Amino acid sequence: MNNEGFAKFQGFIDDSPIKDRFCASREPYAHYLKDIVGIDLLSREDELYYAKLNRSGDKKARDLMIESNLRLVVKVAKSYLKRKGNNFTLLDLIEEGNIGLIKAIDKYDPDPGYRFSTYAVWWIRENIESALMNKGRTVRLPAHVCKEINNLASKKLTMSRKMSKEVSISELSKNSGIKAERVDQLVSLSGFIDVTTTVDINHVPLVLEQCECEHIPDPQQDCEDQCFTEALEQIINTLPPRLQKVLIHRFGFFENKVKTLSEVGEMLDINVSNERVRQMQKEAIERIQKRLQFDGWV
């Protein structure tokens, strides 16, 4: 995909809302809670039965598992309301948690015998925490840094409960096996991990991270861009042929030249109007947005 087409496509992704935000008032939450509170929870036997059906491709079983665990998402989401630096509403948190729930259902294997709720909580928390760290900040953190922060936050919480006090950077470093300087950096990047300061940490500017040469590409960013492009092209290959053709030639995927609406219309059919091509382009982008969101790219 050439740079012109990628920039143009990225503009559509950035400018178009991927999903509607819930209203911040309590009334929508009350309506949502009313809708899900009457849904029966699954027994252990039923859960095993529907999980096996889901793995065989039964959509009704999958939907039933999603609906019966929506209250679990609400419970987990509430625990993040008081997190430092959180600017999400409860419905925002629930929405992110529901995405994590869907990922958990798609990956859950019932054969080992553990309950789905035990498995799902990790995915729900992972998706909420990733959203809090990335959507609430100007610069998105790399995936490996998010994992480091989440692991550190988990260790810090465990230590605080055992010690019944706030832990210091030195104590957290010793318990986690991470250098104190790195712990200090992760704490600063997280915005929500609270620790007591210690005299052995010197807050020196991160010269290597702050003074980057603009002429040398960042290897991490370069790798992420390449992986994103590959994922994008794989998704495009799953689109219906006409939508696929519109997207490929409008944005220059697979080394093709970027074409105008009229040129693409002529490729499809001489009678296809510019407006129809624009509608097909919009439909293709919306489909890709949903797939990218589901796969965790946005």
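About the criteria used
Residues numbered from 1 in each chain as written. Predicted model: local features only at pLDDT ≥ 70, side-chain atom pairs only at ≥ 80, totals over all residues. Heavy atoms only, no water. Helix = DSSP H or I, 4+ residues; strand = E, 2+ residues; numbered from the N terminus. Contact = heavy atoms within 4.5 Å. Areas by Shrake-Rupley, 256 points an atom, 1.4 Å probe, with all protein chains shown as cover. Phe/Tyr/Trp six-rings, centres within 6.5 Å; stacked < 30°, edge-to-face > 60°. Axes fitted to C-alpha atoms, helices over the stretch in contact; angles between N-to-C directions. Parallel < 35°, antiparallel > 145°, perpendicular 65-115°, else oblique. Left-handed = near helix turned anticlockwise from the far one by under 90°. Nonpolar A, V, L, I, M, F, W, Y, C, P; charged D, E, K, R; others polar. Core = buried A, V, L, I, M, F, W, Y, C linked by side-chain atoms within 4.5 Å. Buried < 20%, exposed > 50% of the residue type's maximum accessible area, 1.4 Å probe, protein only. Salt bridge = Lys/Arg side-chain N within 4 Å of Asp/Glu carboxyl O. Lys, Arg positive; Asp, Glu negative; His and termini not counted. Polar contact = N/O pair within 3.5 Å; in protein donor to acceptor, adjacent residues only side chain to side chain.

Asks: Looking at this structure, how should I read the overall build of the protein chain?
Replies: The number of helices and strands found in the protein chain is 15 helices and 0 strands. Put simply, 65% of the contacts in the protein chain that link residues at least 6 apart link residues at least 24 apart. Element-wise, carbon and sulfur atoms account for 52% of the exposed surface of the protein chain, whose accessible area totals about 18,200 Å².

Asks: Even after reading the chapter, I still don't get the packing of aromatic side chains, so can you show me in this structure?
Replies: How two aromatic rings sit relative to each other is set out by the distance from centre to centre and by the angle between their planes. Here the structure, examined in full by the defined rule, presents 6 aromatic pairs. Ring geometry for Tyr114 versus Tyr119: centroids 6.2 Å apart, planes at 25 degrees, classification stacked. Among the aromatic residues, ring-to-ring pairing joins Tyr108, Tyr114, Phe116 and Tyr119 into one connected group.

Asks: Got a minute to help me understand the packing of helix 3 (residues 44-55) against helix 4 (residues 59-68) in this structure?
Replies: One can describe the packing of helix 3 onto helix 4 by two numbers: an axis separation of 7 Å at closest approach and a directional angle of 130 degrees. Taken together, the axes of helix 3 and helix 4 are oblique relative to one another. Helix 4 is crossed by helix 3, and the crossing has left-handed handedness. Contact with helix 3, carried on its side by Tyr50, Ala51, Leu53 and Asn54, involves Ala61, Arg62, Leu64 and Met65 of helix 4 and no other residues of that element. Across the contact of helix 3 with helix 4, the residue classes break down as 6 nonpolar, 1 polar and 1 charged.

Asks: Could you clarify how one ought to interpret the nonpolar core in this entry?
Replies: The tendency in soluble globular proteins is for nonpolar side chains to be buried side by side. Among the nonpolar cores identified, the biggest contains 30 residues, and Ile94, Leu101, Phe116, Ile124 and Ile128 are the most heavily contacted of them. For this core, the elements supplying multiple residues, two or more each, are helix 2 (26-37), helix 4, helix 5 (70-78), helix 6 (90-107) and helix 7 (116-134). Beyond its immediate sequence surroundings of up to four residues, Ile124 is in contact with Leu72, Val73, Val76, Gly97, Gly100 and Leu101. Within the second largest apolar cluster, 20 residues are counted, among which are Leu239, Val264, Ala284 and Ile285.

Asks: It is not clear to me how the packing of helix 13 (residues 241-251) against helix 14 (residues 261-268) should be interpreted in this structure. Could you clarify?
Replies: The angle between the axes and the distance between the axes are what describe a pair of packed helices. Axis separation between helix 13 and helix 14 bottoms out at 10 Å; the angle between their running directions is 145 degrees. Crossing of helix 13 over helix 14 shows right-handed handedness. Facing helix 13, whose interface residues are Arg242, Lys245, Val246, His249 and Arg250, helix 14 presents Leu261, Val264, Met267 and Leu268. For the contact of helix 13 with helix 14, a count of residues per class yields 5 nonpolar, 1 polar and 3 charged.

Asks: Looking at this model, I keep getting lost on the pattern of salt bridges. Mind explaining?
Replies: When their charged atoms lie close together, side chains carrying opposite charge are able to pair. Throughout the structure, instances matching the rule amount to 5 salt bridges. A salt bridge links Glu47 to Arg115; the nearest nitrogen and oxygen atoms lie 3.0 Å apart. Placement of the pair is Glu47 in helix 3 and Arg115 in the loop between helix 6 and helix 7, with a sequence separation of 68 residues. A salt bridge links Arg287 to Glu283, with the shortest nitrogen-to-oxygen separation between them at 3.1 Å. Within this pair, Arg287 and its partner Glu283 are both found in helix 15 (residues 274-294), separated by 4 residues, close to a single helical turn. According to the relative accessible area criterion, Arg287 is partly exposed, its value standing at 38%.

Asks: Help me out: how do you make sense of the side chain of Lys103 in this one?
Replies: Structurally, Lys103 is set in helix 6. It is Glu96 that comes nearest to the buried, bridge-free Lys103 among opposite-charge side chains, at 7.5 Å. A distance of 3.0 Å separates polar atoms of two side chains, one belonging to Lys103 and the other to Asn127.

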